[in-house]
Amino acid sequence: MKSRYFLILLIIASTVGISFSIAQPTERNKPSKHWLLDVENDTERFARLETYLRGFDQPMWEVGHRYEMVYDAIVNNNYELASYHWRKIKTTIKNGYLKRPARKFSADSMFLQSNVWASLEAALQSNDPKKIKKAFSVARKTCMGCHVVEKVPFMNNQKMFHRTESFPESNESKLRN
Ligand code: HEC
């Protein structure tokens with residue numbers, strides 16, 4: 001009797017063991033990590049990179065984040081930090097229209113070459129809070145204006161544009177505490 005139980009146990013144990021070893025992927029059939037090197041040729045590689053690097057949305061995502069950083073830095077009287085992000089915004093918009101040249105005309109004529117970008121940069125260098133806030137306000141309106149011209153006006157109805165509409169009365173920022 002005992003030996004029969006033992007035999008059954010042995011059969012169960014070996015079945016479980018076999019199916020477990022089947023379920024484990026071997027080195028050979030592990031999914032590859034080389035999503036660029038594995039494909040046939042450079043054309044396919046560049047096509048994958050183009051897809052991966054996206055269009056205008058991803059640079060704008062970064063611009064939006066840095067825009068909020070600019071605002072917060074101004075509130076916090078950290079004009080060097082504000083200027084740092086403001087300069088990155090310029091680079092990011094240019095990288096954006098490198099990918100989507102259809103956006104270049106609006107970006108240049110409204111924002112980068114229209115003096116809007118340069119005015120805030122100059123104001124930040126001047127350390128003059130009045131000038132800085134005025135130039136920021138013009139820049140904010142220009143971001144929003146481009147969204148209208150480029151047919152994405154819904155972009156403007158979001159927290160980042162609402163909360164940056166004005167500056168707190170006192171520059172003694174809560175952020176610093
Ligand atoms: C060329 C004109 C243009 C300018 C200038 C511009 N935007 Fe945009 N923005 C767009 C377009 C177009 C989209 C939608 C992109 C898409 O559909 O792929 C967009 C999308 C966005 C988004 C959404 C990104 C996402 O997918 O999460 C944010 C946030 C944003 N913009 C913020 C800003 C801010 C802040 C500024 C100013 C500092 C600014 N934009 C200046 C044209 C512009």
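In what follows, the structure referred to is the one given above.
First, a word on scope: everything that follows refers to the structure included in this document.

The rules we used
- Residues numbered from 1 in each chain as written.
- Predicted model: local features only at pLDDT ≥ 70, side-chain atom pairs only at ≥ 80, totals over all residues.
- Heavy atoms only, no water.
- Helix = DSSP H or I, 4+ residues; strand = E, 2+ residues; numbered from the N terminus.
- Contact = heavy atoms within 4.5 Å.
- Areas by Shrake-Rupley, 256 points an atom, 1.4 Å probe, with all protein chains shown as cover.
- Donors = N, O, S within 2.8 Å, 3.2 Å for Na, K, Ca; no water.
- Tetrahedral: all angles 85-135°; square planar, octahedral: opposite > 155°, others 65-115°.
- Buried < 20%, exposed > 50% of the residue type's maximum accessible area, 1.4 Å probe, protein only.
- Axes fitted to C-alpha atoms, helices over the stretch in contact; angles between N-to-C directions.
- Parallel < 35°, antiparallel > 145°, perpendicular 65-115°, else oblique.
- Left-handed = near helix turned anticlockwise from the far one by under 90°.
- Nonpolar A, V, L, I, M, F, W, Y, C, P; charged D, E, K, R; others polar.
- Core = buried A, V, L, I, M, F, W, Y, C linked by side-chain atoms within 4.5 Å.
- Near = heavy atom within 4 Å.
- Polar contact = N/O pair within 3.5 Å; in protein donor to acceptor, adjacent residues only side chain to side chain.
- 1 Å grid on protein atoms, 1.4 Å probe; cavity = no way out; pocket = protein on both sides within 12 Å on 5 of 7 lines; lining within 4 Å.
- Sits in = over half its atoms within 2 Å of the grid points.
- Points joined across faces, edges and corners; volume = space filled by probe spheres on them.

Topic: the overall build of the chain
Working step 1: Of regular secondary structure, the chain possesses eight helices and zero strands.
Working step 2: Mapped in sequence order, the helices and strands of the chain form the string α-α-α-α-α-α-α-α.
Working step 3: Within the chain, contacts between residues separated by at least 24 positions form 62% of all contacts whose residues are at least 6 apart in sequence.
Working step 4: Of the roughly 12,900 Å² of accessible surface on the chain, 60% is carried by carbon and sulfur atoms.

Considering the coordination of the iron atom of the ligand
Working step 1: Those donors, Met-60 (SD) and His-147 (NE2), are the protein atoms that reach the iron atom of the ligand, and they lie 2.1 to 2.3 Å from it.
Working step 2: For the iron atom of the ligand, the six donor atoms in the first shell make angles of 84 to 179° at the metal, so the coordination geometry reads as octahedral. Residue Met-60 is found in helix α3 (residues 57–75), and its partner His-147 is found in helix α7 (residues 129–149); the two are separated by 87 residues along the sequence.
Working step 3: Here His-147 falls in the buried class, since its relative accessible area comes to 14%.

Digging into the packing of α3 against helix α4 (residues 79–99)
Working step 1: At their nearest, the axes of α3 and α4 sit 8 Å apart, and the two run at 165° to each other. Of the possible angle classes, the one that applies to α3 and α4 is roughly antiparallel. In this structure, the crossing between α3 and α4 has a hand that is left-handed. In contact with Pro-59, Met-60, Glu-62, Val-63, Arg-66, Tyr-67, Met-69, Val-70, Ala-73 and Ile-74 of α3, α4 contributes Tyr-79, Leu-81, Ala-82, Tyr-84, His-85, Trp-86, Lys-88, Ile-89, Thr-92, Ile-93, Gly-96 and Lys-99.
Working step 2: A per-class count over the contact of α3 with α4 returns 15 nonpolar, three polar and four charged.

Some points on the nonpolar core
Working step 1: By size, the foremost hydrophobic cluster in this structure holds 31 residues, and its most contacted members are Ile-74, Trp-86 and Phe-111.
Working step 2: For this core, the secondary structure elements donating two or more residues are α3, α4, α5 (104–112), α6 (116–126), α7 and α8 (159–162).
Working step 3: Considering each element in turn, this core owes the most residues, seven residues, to α3.

Things to note about the site of the ligand
Working step 1: The environment of the ligand is made up of 18 residues, and the closest members are Asp-57, Met-60, Cys-143, Cys-146 and His-147.
Working step 2: A distance of 2.9 Å separates a nitrogen atom of the ligand from a polar side-chain atom of His-147.
Working step 3: With respect to the detected pockets, the ligand is housed in the largest pocket.
Working step 4: Elements that contribute at least two residues to the shell around the ligand include exactly α3, α5, α7 and α8.
Working step 5: Counting residues per element, the shell around the ligand draws most heavily on α3, which supplies five residues.
Working step 6: Residue classes in the shell around the ligand are distributed as 13 nonpolar, two polar and three charged.

A word on α5
Working step 1: Residues of α5 that are buried: Ser-106, Ala-107, Asp-108, Phe-111 and Leu-112.
Working step 2: The elements touched by buried residues of α5 are α4, α6 and α7.

Focus on the layout of surface pockets
Working step 1: Considering only enclosed or pocket space, the largest pocket measures out at about 550 Å³ in volume.
Working step 2: Taken together, 22 residues form the lining of the largest pocket, with Phe-56, Met-60, His-147, Val-152 and Met-155 sitting closest to its centre.
Working step 3: Of all the elements in the fold, those that place two or more residues in the lining of the largest pocket are α3, α5, α7 and α8.
Working step 4: Per-element tally for the lining of the largest pocket: the top contributor is α3, with six residues.
Working step 5: Looking at the lining of the largest pocket residue by residue, the class counts come to 15 nonpolar, four polar and three charged.

This is a description of form; function is not addressed.
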